[in-house]
Amino acid sequence: MNPEIRRQLMDSVQNVHLPRYHEIPDVGLFLEQVTKYVNGFLSTCGISPITSSMVSNYVKQKIIPGPKKKSYDSVSIAYLIFVAVMKGVMAMDDIRLLIDIQQRTYDQVVAYNYFCDEFENLIQYVFGKRKELLEVGVDHSEEKELLRVALCSIAQKIYLDHYLRILREEQS
């Protein structure tokens, strides 16, 4: 691979970070604030932004918990970040199934933080910033392996999107 493209790809994920559960505001955010907050993290990853209507639709479909007194708490925001990342490669019914599996298997805080750690781990690995894929979490389960496979698909798609964007920019 062209060393300049490799450098650009690695640089493009330099600031990738999903907020851990304790970093998500729990003061209650209104819909517009939620989309702005979540999109701030998605943009560093190269993931398509969400809209207010998308959030409302996820609530109507019972994919994420709805607002309380028109404001979204950290639980809703964590689920929304998960959905926003996964929607790039999975159907909503499959995302709902993964959420159901998570709810039966792990505490939400543990599952969400694992999701963030594994996502960042895979992004760093796929983009060449890390030579080895790290073992994330303390146990091994089929549920965690399923999430890793889904996140690997997302990381590969993000890589492909970034690579093609760089090639298009070079052609211009």
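Refer to the structure printed above.
This write-up is about the structure you can find in this document. This one's a predicted model, so the numbers in the text were calculated from it and none came from an experiment.

1. Details of the packing of helix α2 (residues 31–45) against helix α4 (residues 74–86)
Now for step 1: For the pair α2 and α4, the least separation of the axes is 11 Å and the interaxial angle reads 45°. Relative to α4, the element α2 lies oblique. Seen along the crossing, α2 lies across α4 with a hand that is right-handed. For the pair α2 and α4, the contacting residues are Val-34, Tyr-37, Val-38 and Leu-42 in the first and Ile-77, Leu-80, Ile-81, Ala-84 and Val-85 in the second.
Now for step 2: When its residues are assigned to classes, the contact of α2 with α4 shows nine nonpolar, no polar and no charged.

2. Some thoughts on the nonpolar core
Now for step 1: One finds Val-38, Val-85, Met-86, Phe-115 and Phe-119 to be the most contacted residues of the largest nonpolar core, which totals 54 residues.
Now for step 2: Those elements that provide at least two residues to this core are α1 (3–12), α2, α3 (52–60), α4, α5 (92–105), α6 (108–126) and α7 (142–171).
Now for step 3: No other element matches the 10 residues that α4 contributes to this core.
Now for step 4: Every residue in contact with Met-86, bar those within four places of it in the chain, is listed here: Ile-95, Leu-98, Phe-115, Leu-147, Ala-150, Leu-151 and Ile-154.

3. A few points about α2
Now for step 1: Here α2 is 15 residues long and its end C-alpha atoms lie 22 Å apart, about the 21 Å a rise of 1.5 Å per residue gives.
Now for step 2: Where α2 bends most, at Asn-39, the angle is about 25°.
Now for step 3: Those residues of α2 that fall on the buried side of the exposure criterion are Val-34, Thr-35, Tyr-37, Val-38, Asn-39, Phe-41, Leu-42 and Cys-45.
Now for step 4: Here the buried face of α2 lies against α3, α4, α6 and α7.

4. Examining the layout of surface pockets
Now for step 1: Here the largest pocket defines a volume of roughly 370 Å³.
Now for step 2: Every residue lining the largest pocket is counted, 20 residues in all, and those nearest its centre are Gln-102, Tyr-106, Ala-111, Tyr-114 and Leu-147.
Now for step 3: Sorting the residues of the lining of the largest pocket by element identifies α4, α5, α6 and α7 as the ones contributing at least two each.
Now for step 4: Per element, the largest residue contribution to the lining of the largest pocket is six residues, and it comes from α6.
Now for step 5: Among the residues forming the lining of the largest pocket, the class breakdown is 14 nonpolar, three polar and three charged.

5. Let's talk about the packing of aromatic side chains
Now for step 1: Summed over the entire model, instances satisfying the criterion amount to six aromatic pairs.
Now for step 2: Ring geometry for Tyr-112 against Phe-115: centres 5.9 Å apart, planes inclined by 45°, an arrangement best described as tilted. On the criterion of helical spacing, the pair formed by Tyr-112 and Phe-115 is a turn pair, its members being three residues apart in helix α6. For the pair shown, Tyr-112 and Phe-115 are each scored as buried.
Now for step 3: When the centroid spacing of 5.2 Å and the interplanar angle of 75° are considered together, the rings of Phe-127 and Tyr-159 count as edge-to-face. Of this pair, Phe-127 sits in the loop between α6 and α7 while Tyr-159 sits in helix α7, placing them 32 residues apart in sequence. Each member of the pair Phe-127 and Tyr-159 is classed as buried.
Now for step 4: Members of the aromatic cluster, connected to one another through ring pairs, are Tyr-21, Phe-82, Tyr-112 and Phe-115.

6. Points about the state of the cysteines
The term disulfide refers to a covalent linkage connecting the sulfur atoms of a pair of cysteines.
Now for step 1: Following the criterion strictly, the structure yields zero disulfides and no others.
Now for step 2: As a non-bridged cysteine, Cys-45 has Cys-116 as the owner of its nearest cysteine sulfur, 9.6 Å distant.

Here is what the cut-offs are and how they apply
- Residue positions are counted from 1 within each chain, in the order its sequence is given.
- Given that the model is predicted, a residue must reach a pLDDT of at least 70 before its local features are reported, and side-chain atom pairs must reach 80 or more before they are shown or counted; all residues, however, enter totals for whole chains, interfaces and linings.
- Hydrogens and water are ignored here; the side-chain numbers use all heavy atoms of the structure.
- The convention used is that axes are lines fitted to C-alpha atoms, helices contributing only their stretch in contact, and that angles between N-to-C directions extend from 0 to 180 degrees.
- Every helix listed is a DSSP run of H or I at least four residues long, and every strand listed is a run of E at least two residues long, numbered separately from the N terminus.
- Any angle that falls under 35 degrees is termed roughly parallel, while one over 145 is termed roughly antiparallel, one within 65 to 115 roughly perpendicular, and all others oblique.
- Should the near helix be turned anticlockwise from the far one by less than a right angle, the crossing is left-handed, and should it be turned clockwise, the crossing is right-handed.
- Contact between two residues is taken to exist if any of their heavy atoms lie within 4.5 Å; hydrogens are not considered.
- For this classification, the nonpolar set comprises Ala, Val, Leu, Ile, Met, Phe, Trp, Tyr, Cys and Pro, the charged set comprises Asp, Glu, Lys and Arg, and every other residue, Gly included, is treated as polar.
- Nonpolar cores were defined as sets of buried Ala, Val, Leu, Ile, Met, Phe, Trp, Tyr and Cys residues, with membership established by side-chain atoms within 4.5 Å.
- Under the scheme applied here, a residue whose accessible area is under 20% of the maximum for its type counts as buried, over 50% as exposed, and between as partly exposed, the area being computed with a 1.4 Å probe on protein chains only.
- For a helix, the expected span equals 1.5 Å multiplied by the number of residues minus one.
- Fitting one axis to the seven residues ending at a residue and another to the seven starting there, the bend at that residue is the angle between the two axes.
- Using only the protein atoms, space was sampled on a 1 Å grid; points where a 1.4 Å probe fits but cannot get out form cavities, open sets with protein on both sides within 12 Å along at least five of seven lines form pockets, and lining residues are those with an atom within 4 Å of a point.
- Grid points are joined across faces, edges and corners, and a volume is the space filled by probe spheres set on the points.
- Side-chain rings of Phe, Tyr and Trp, where Trp is taken by its six-membered ring, are said to pair if the distance between their centres is within 6.5 Å; with planes under 30 degrees apart they count as stacked, over 60 as edge-to-face, and otherwise as tilted.
- The disulfide definition used here is simple: a pair of cysteine sulfur atoms within 2.5 Å.

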